Amino acid sequence: MVRLRFLAGLLILVFVLAVIGAAQAAPDKAAAAPSAMDLRWDTAIWSIAVFLFLVIILRAKAWGPVLEGLKKREETIRTSLEEAKKTRDEMVAIQAQFQKELADAHQQIPKLMEEARKKAEEMTNEMRAKGMADVQVERERLRREMDIAKDQALKELWEQAAMLASVLSTKALGHAVTADDHRRLLGDALQEIAHSSRN
Amino acid sequence: MIFAANAFDHVLDSLHWHVFEVWHWEIPLPGVHSAFEGKGFGVTKYAILMMLAAGLICWIYIPLAKKIQTGEAPKGAFWNLFESILTFIRDDVAKPYIGKDADHYVHYLWTVFLFVLTCNLFGMIPFLGSPTASFAMTSVLAAGSYVFINVSSIMRFGWKSHLLSFAPHLEMPMALRIGISVLLWPIEFMGLIIKCFVLAVRLFANLFAGHMVLATILLFIPAVRGLGEGLEWTVTIASVLGVVLLSMLELFVALLQAYLFTFLTALFLGGVLEHAEHYAHEFGGDHGHGHGHDDHGRDHAY
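Residues numbered from 1 in each chain as written. Chains lettered and ligands numbered in written order. Predicted model: local features only at pLDDT ≥ 70, side-chain atom pairs only at ≥ 80, totals over all residues.

Here we come to the overall build of chain A. A tally of helices and strands in chain A yields three helices and zero strands. For chain A, the sequential pattern of α-helices and β-strands runs α-α-α. Burial status across chain A gives 12% buried among its 199 residues. (Helix = DSSP H or I, 4+ residues; strand = E, 2+ residues; numbered from the N terminus. Buried ≥ 20, exposed ≤ 12 C-beta atoms within 10 Å, placed from the backbone.)

Written out as structure tokens, the structure reads:
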């Protein structure tokens, strides 16, 4: 690196000396009249000085930060583009998935409707059957209660009738009826009542 | 003859700052006026203009660099304008013709472009002048480019590869190749010097000729003084109109020549680096690994 810097310095030195040499040689040739191609050596030296100053100062103070900023911006743009592309790809995939699901849903609608209709029908039938069963159970219960009430009423009626018969028989016979008479009369009355009720 | 000499004096560098040549209004500048056959030696008009140009560039770009360093998007006309010049040189000149390593060398291209452009544009401002209309100044810039190209190649690929880069690539038997290379090497070596010399001549000739034409057209006005009022007015109006129109052309020339100087420097550098890299790989040099060069456009430009 040192060798190369020395070489660069040497080249610059050779170049400066060559320009100065040319500039110094020129006035002798062009003493009579000015020429456009005359090399003014003061202009040449000022040019070297100003241009070298400009190269060095701009490289040190301006171009480094400019390149850094431009590269940073390029990186930002590159990253943003990649992110945008990735997001776009994701969006395309999501959209495709959505479209697929939508198409599936469209295909499932008639099936779902049919299932719902069947379920509704099943539920209706079930409820109807349950209602009928409930009504039947209630009807049975009422019939049983009516039978019980009827039997009770008949029993009471028979007992009342037996009682009346006993009273009547006592009055008709004029004497007290014994327990055996009672039993006999009651048995006869019950047989008649039972016979008449069957008829 | 007086009028011709004045036009010439107007464009050449001197130790006098001419304000109105016709009335001999001029500001003497510090220096030894009698030195070198009366041409003098000192702080010339163009030296002051070059310092002004360098100061202006530093004044604009050093603060701007701090803004650009943040990596944020440019805001405002000022930032956009001056940054776009840099990005143009980097993206459209350096990268296509130097390649992936363009950022190593773009510093010089930015500097030379801005310096040449500013000096060229100074010539469009009344009472100033264009330092690039001086052959001494353009020679220094061209020599700077020559040194920059060689030093860049040597530092990147070493002496051996750099010197071999002037030999042509030939697919033929080694003996024949060496023989032809020995013959062509001096031509190629001189070729780079000549190309850089032509850079100096091209820039100088365009700017010098342009300013000579403008000065000559304007000096028609004092040349017809006393030849009749009608003629004076006619020549004055025609001269002013002509100068305005030609100034527009000069503005374009100023931009074009600054671009050409930078573009050709990048092109020559790209060519030398490419050849040096080729030899560095061929002969197993220590340098040049991992430095790709984009060949886009280079062959066409040659």
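Now, onward.
Our focus in this paragraph is the overall build of chain B. Scanning chain B from terminus to terminus reveals nine helices and four strands. Secondary structure elements of chain B occur, N-terminal to C-terminal, as α-β-β-β-β-α-α-α-α-α-α-α-α. Across the 302 residues that make up chain B, the buried fraction comes to 39%.

Turning our eyes to something else, we now look at the nonpolar core. Formed by 81 residues in total, the largest nonpolar core has its most connected members in Met50, Ala94, Leu109, Phe113, Phe115 and Val116 of chain B. Sorting the residues of this core by element identifies helix H2 (41-173) of chain A together with helix H2 (45-69), helix H3 (76-98), helix H4 (102-122), helix H5 (135-164), helix H6 (174-218) and helix H8 (229-282) of chain B as the ones contributing at least two each. Ignoring any residue separated from it by four or fewer positions in sequence, one finds Phe113 of chain B in contact with Ile89, Ala258 and Thr262 of chain B. (Core = buried A, V, L, I, M, F, W, Y, C linked by C-beta atoms within 7 Å. Contact = placed C-beta atoms within 7 Å.)

This next bit is on the interface of chain A and chain B. Contact residues are listed per partner, giving 41 residues for chain A and 46 residues for chain B. Listed by contribution, the elements that provide at least two residues to the side of chain A that touches chain B are helix H1 (2-29) and H2 of chain A. Per-element tally for the side of chain A that touches chain B: the top contributor is H2 of chain A, with 26 residues. In terms of residue class, the side of chain A that touches chain B is made up of 30 nonpolar, four polar and seven charged. (Nonpolar A, V, L, I, M, F, W, Y, C, P; charged D, E, K, R; others polar.)

Now for H2 of chain A. If you check H2 of chain A, its first and last C-alpha atoms are 183 Å apart, about what 133 residues at 1.5 Å a residue would give, namely 198 Å. Approximately 50° is the largest bend angle found in H2 of chain A, and it occurs at Arg59 of chain A. (Expected span 1.5 Å × (residues − 1). Bend = angle between axes of the 7 residues up to and from the residue.)

Phi at Phe127 of chain B is positive, roughly 75°, even though this residue is not glycine. When you line up the elements, Phe127 of chain B lands in the loop between H4 and H5.

Residues and elements named next belong to chain B. Two elements in contact, H5 and H8, have axes separated by 8 Å at closest approach and are oriented at 10°. As the angle between them shows, H5 and H8 are arranged roughly parallel. Contacts between H5 and H8 involve Ser145, Ile149, Ser152, Ser153, Arg156, Phe157, Ser161, His162 and Leu164 from the former and Thr265, Phe268, Leu269, Val272, Leu273, Ala276, Glu277, Tyr279 and Ala280 from the latter. Looking at side-chain class alone, the contact of H5 with H8 contains 10 nonpolar, six polar and two charged residues. (Axes fitted to C-alpha atoms, helices over the stretch in contact; angles between N-to-C directions. Parallel < 35°, antiparallel > 145°, perpendicular 65-115°, else oblique.)

Residue and element names in this part refer to chain B. Relative to the assigned elements, Asn206 resides in helix H6. By the C-beta count within 10 Å, which is 20 here, Asn206 ends up buried. Residues Asn206 and Ala133 lie 73 residues apart in sequence; the distance between their C-alpha atoms is 7.8 Å.

Take the packing of H5 of chain B against H6 of chain B next. All names here are of chain B. Two elements in contact, H5 and H6, have axes whose closest approach is 8 Å; the angle formed by their N-to-C orientations is 150°. Helix-helix and strand crossings are classified by hand; for H5 and H6 the assignment is right-handed. Residues Phe135, Thr138, Ser139, Leu141, Ala142, Ala143, Ser145, Tyr146 and Ile149 of H5 lie in contact with H6, whose contacting residues are Leu192, Ile193, Cys196, Phe197, Leu199, Ala200, Leu203 and Phe204. Its residues assigned to classes, the contact of H5 with H6 comprises 14 nonpolar, three polar and no charged. (Left-handed = near helix turned anticlockwise from the far one by under 90°.)

Moving on to the confidence of the model for chain B. Interpreting fine coordinate detail is not advised for predicted regions of low pLDDT. All names here are of chain B. Summary statistics for chain B give a mean pLDDT of 85 and a share of 88% for residues scoring 70 or more. The spread of mean pLDDT over the elements of chain B runs between helix H9 (residues 298-301), the lowest at 38, and H4, the highest at 95. Residue range residues 1-5 is modelled with pLDDT below 50. Its contacts to residues more than four positions away, or to other chains, number three contacts. Under a pLDDT of 50 for its full length, residues 288-302 has, in the predicted model, 30 contacts with residues more than four places off or in other chains. Our summary of model confidence lists the complex with pTM equal to 0.71 and ipTM equal to 0.86. (pLDDT = per-residue confidence, 0-100.)

Over its 45 residues, H6 of chain B extends 63 Å from the first C-alpha to the last, a length consistent with the 66 Å expected when each residue adds 1.5 Å. What H6 of chain B keeps buried is the set Cys196, Leu199, Ala200, Leu203, Phe204, Asn206, Leu207, Phe208, Gly210, His211, Leu214 and Leu218 of chain B.

This part covers the environment of Met172 of chain B. Here Met172 of chain B lies in the loop between H5 and H6. Once the C-alpha coordinates of Met172 of chain B and Tyr259 of chain B are considered, the two residues, 87 residues apart in sequence, prove to be 39 Å apart.

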